[in-house]
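Overview (structure and organization)
Listed here are the chains, written in short residue letters.
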Amino acid sequence: MRALSLVCSLNASPKPSSSQLLAEQVMAELKELGVEGEVVRVADFDVRPGVEIDMGGGDEWPGLREKVMQADILLIATPIWLGHPSSICQRVLERLNAEMSETDDDGRPLVFSKVAAVAVVGNEDGAHNVSANVFQGLNDIGFSLAPGAVTYWVGEAQQGSDYQDLDKTPDSVKETTHTLAVNAVHLARQLADHPYPPS
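Here's a quick rundown of the structure. (Residues numbered from 1 in each chain as written. Predicted model: local features only at pLDDT ≥ 70, side-chain atom pairs only at ≥ 80, totals over all residues. Heavy atoms only, no water.)

The next subject is the overall build of the chain. What the chain contains, in helices and strands, is five helices and six strands. Reading the chain from its N end, one meets helices and strands in the order β-α-β-α-β-β-α-β-α-β-α. Here the chain has a C-alpha radius of gyration of 16 Å; the compact-globule value for 199 residues is 16 Å, and the two agree. Principal axes of the C-alpha set define a box for the chain whose edges measure 50 × 40 × 25 Å. (Helix = DSSP H or I, 4+ residues; strand = E, 2+ residues; numbered from the N terminus. Rg over C-alpha atoms; globule rule 2.2 N^0.38 Å.)

Given below as structure tokens:
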């Protein structure tokens with residue numbers, strides 16, 4: 001099995017990113033379960049606005065889309081900005097919207113065989129709202145969500161703490177990250193063996 005994390009930090013590499021750190025921790029858990037993975041910082045690519053597979057003019061989404069198509073598990077990692085997913089996360093969802101019209105020979109959307117999960121970081125509350133928004137978009141597109149499909153960390157309100165600056169990963173984050181990985185892999189294996197029936 002393969003996994004892909006699309007990190008939706010507003011910062012391109014090599015600037016440190018808490019979203020990337022949490023995504024890498026999820027990938028480490030998945031690797032322990034025999035799943036190979038890749039972490040991609042979306043801000044490193046020219047992803048044009050739009051809802052088509054290829055927006056032309058040097059759009060680099062088609063290359064990222066190919067990685068999505070090769071993955072059994074997709075992790076969307078996003079920071080919280082003003083209580084919402086990042087603008088890059090929203091753009092990723094908009095580009096994934098094109099998959100609603102891409103189907104297999106039995107008329108099923110191509111992503112019906114794929115599992116999605118979410119990782120959220122921020123220094124204000126809002127992780128549940130952000131994950132709910134991303135969950136709804138991913139599910140509309142056709143991804144399946146396992147129980148406990150989100151791991152997150154939020155710092156104390158009105159403080160400037162950042163996940164990547166913590167001395168160690170909190171036990172609660174470790175536990176939710178592990179649960180996310182175990183459940184996502186279980187569901188992905190079930191779908192590989194027992195695909196959804198044609199509509």
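Bringing the pattern of salt bridges into the picture now. Applying the stated rule across the entire model yields six salt bridges. One salt-bridge network, in which partners are shared between bridges, spans Asp104, Asp106 and Arg108. (Salt bridge = Lys/Arg side-chain N within 4 Å of Asp/Glu carboxyl O.)

This brings us to the packing of aromatic side chains. Enumeration over the complete set of coordinates arrives at two aromatic pairs. Consider the rings of Phe112 and Tyr196, whose centres lie 5.8 Å apart with planes at 75 degrees: the pair is edge-to-face. One end of the pair, Phe112, is in the loop between helix H3 (87-96) and strand S5 (115-122); the other, Tyr196, is in the segment after helix H5 (171-193), with 84 residues separating them in the sequence. An angle of 40 degrees between the planes, with centres 5.6 Å apart, marks the rings of Trp153 and Tyr163 as tilted. Within this pair, whereas Trp153 is found in strand S6 (residues 144-154), its partner Tyr163 is found in the loop between S6 and H5, the two being separated by ten residues in sequence. The buried category is assigned to Tyr163, whose relative accessible area is 3%. (Phe/Tyr/Trp six-rings, centres within 6.5 Å; stacked < 30°, edge-to-face > 60°. Buried < 20%, exposed > 50% of the residue type's maximum accessible area, 1.4 Å probe, protein only.)

Our focus in this paragraph is the packing of helix H1 (residues 18-32) against H5. H5 packs onto H1 with a crossing angle of 55 degrees between their chain directions and a minimal axis gap of 9 Å. The orientation of H1 relative to H5 falls into the category oblique. When you trace H1 past H5, the crossing you get is right-handed. Counting all contacts with H1, which are made through Leu22, Gln25, Val26, Glu29 and Leu30, the residues of H5 involved are Val173, Thr177, His178, Leu180, Ala181 and Val185. (Axes fitted to C-alpha atoms, helices over the stretch in contact; angles between N-to-C directions. Parallel < 35°, antiparallel > 145°, perpendicular 65-115°, else oblique. Left-handed = near helix turned anticlockwise from the far one by under 90°. Contact = heavy atoms within 4.5 Å.)

This paragraph deals with the nonpolar core. Generally speaking, a soluble globular protein has its nonpolar side chains buried in company with each other. Counting residues in hydrophobic clusters, the biggest one holds 32 residues, and the most contacted among them are Leu6, Leu74, Ile76, Leu96, Leu138 and Phe143. Put simply, the parts of the chain that give this core at least two residues each are strand S1 (2-7), helix H2 (61-70), strand S3 (73-81), H3, S5, helix H4 (127-141) and S6. Looking at this core, the element that brings in the most residues is H4, giving six residues. Listed in part, the 26 residues of the second largest apolar core include Val26, Leu75, Val173 and Leu191. (Core = buried A, V, L, I, M, F, W, Y, C linked by side-chain atoms within 4.5 Å.)

Attention now moves to H3. Because an α-helix completes one turn every 3.6 residues, residues spaced three or four positions apart along the sequence face the same direction. Taken together, the buried positions of H3 are Ile88, Cys89, Val92, Leu93, Arg95 and Leu96. Here the buried residues of H3 occupy an arc of 165 degrees about the axis, which is enough to place them on one side. Looking at the buried side of H3, the elements it contacts are S1, H2, S3, strand S4 (84-85) and H4. (Arc of directions from axis to C-beta.)

As for its placement among the helices and strands, Thr78 is situated in strand S3. Of the residues examined, Thr78 reaches a relative accessible area of 0% and is grouped as buried. A distance of 3.0 Å separates a polar side-chain atom of Thr78 from the backbone nitrogen of Ser86. Look past the residues within four positions of Thr78 in its chain and what remains in contact with it is Cys8, Ser19, Pro85, Ser86, Cys89, Ala119, Val120, Val121 and Val130. (Polar contact = N/O pair within 3.5 Å; in protein donor to acceptor, adjacent residues only side chain to side chain.)

Below, the discussion takes up the pairing of S5. Burial runs high along S5: eight of the eight residues are buried. Here S5 shows two buried faces, one formed by Val115, Ala117, Ala119 and Val121 and the other by Ala116, Val118, Val120 and Gly122. Two strands pair when backbone bridges link them, and S3 and S5 are joined in this way by seven bridges, in the parallel orientation. In the strand pairing of S5, Ala77 is matched with Ala119. Traced from S5 through H4 to S6, the parallel crossover comes out right-handed. (Pairing = 2+ DSSP bridges. Right-handed = clockwise from strand over helix to strand, strands pointing away.)

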